[in-house]
Amino acid sequence: MTRRFVVTGTDTNIGKTVFSAALADALGACYWKPVQSGLEGETDSETVLRLGRIPSSRVFREAWRLRTPASPHLAARIDDVRIVPEALSPPPTQFPLIIEGAGGVLVPLTERQVFADVFARWQIPVILCARTGLGTINHTLLSLEALRCRSIPVFGVVFIGDEQADTQGIIAELGQVNCLGRLPLLDPLTPGTLARAFHDHFDISCFQKASQ
């Protein structure tokens, strides 16, 4: 089966789009953002296209594009759009596929369903992106609990930020989760610096050996 991953986060603006771009580049993968909230400036799909060095044909169009930069359930209400979570299905492809959620695990898609409910239906391994800063232990462990309460397969945690060995270690221990690596904050952030950072801080073979 083609390798597939869902990339989600413990919060918004974690850096999961940048990590998604790096992983898509490393795997030669396709990318799909099911729901985009906010269309001013660069969208997440456009960011991945720019940083991930993948052909535009491998970036699938969003199922819903919402003008308002807010939680999808609120953005859809303001934009007078109806999101149907049951209609979300990963696009077929012969290449590996990176699917990026919006915000955190429990961000509402509608007044009745959160993103984790869709992830539970898909049963695609989830990569959880977490900051390394203060508060991340609580946020990460709660996110792991939310995923596991829905029997969602967790592939591992990716840390984003400066090295915090104790924080990363206690999350691995208490969360009983595989820590996949840490992506440092990059300045400048370019396709080249991102590719080098991914190569230096991650073992690509662990993603390549995944069963989905």
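This text follows the structure it describes.
Below or above, wherever it landed, is the structure these notes cover. Note that residues are indexed from 1 along each chain, following the sequence as it is written. Thresholds applied to this predicted model are a pLDDT of at least 70 for local features of residues and 80 or more for the giving and counting of side-chain atom pairs; totals over whole chains, interfaces and linings are not thresholded and use all residues. Hydrogen atoms and water are omitted, and side-chain values are computed over all heavy atoms in the structure.

### Some remarks on the nonpolar core
Put simply, buried Ala, Val, Leu, Ile, Met, Phe, Trp, Tyr and Cys residues joined by side-chain atoms within 4.5 Å make one nonpolar core. For the exposure calls, accessible area comes from a 1.4 Å probe over protein chains only, and a residue counts as buried if that area is under 20% of its type's maximum, exposed if over 50%, partly exposed in between. Counting residues in each nonpolar core, the largest one holds 34 residues, and the members touching the most others are Phe119 and Trp122. To qualify as a helix, a DSSP run of H or I must reach at least 4 residues; to qualify as a strand, a run of E must reach at least 2; elements of each kind are numbered from the N terminus. Only β2 (30–32), β5 (64–66), α3 (72–79), β6 (97–104), α4 (115–122), β7 (126–131), α5 (136–149) and β8 (154–160) provide two or more residues apiece to this core. The greatest single-element share of this core, amounting to five residues, is contributed by α4. Setting aside anything within four residues of it in sequence, one finds phenylalanine 119 in contact with Val6, Thr8, Gly101, Ile124, Val126, Leu147 and Ile152. With 29 residues, the next largest nonpolar core counts Ala22, Leu51, Ile98 and Phe202 among its residues. Residue contacts are counted whenever heavy atoms from the two residues lie within 4.5 Å of one another.

### Some words on the pattern of salt bridges
For this document, the term salt bridge refers to a Lys or Arg side-chain nitrogen within 4 Å of an Asp or Glu carboxyl oxygen. Summed over all chains, the structure comprises 10 salt bridges. Between arginine 50 and glutamate 42 there is a salt bridge; the shortest N-O distance is 2.9 Å. Residue classification places arginine 50 among the partly exposed positions, given a relative accessible area of 42%. For glutamate 62, the salt bridge identified is with arginine 65, shortest N-O distance 3.1 Å. For glutamate 62, a relative accessible area of 8% translates into the label buried. The network of salt bridges with common partners includes Lys33, Asp44 and Glu100.

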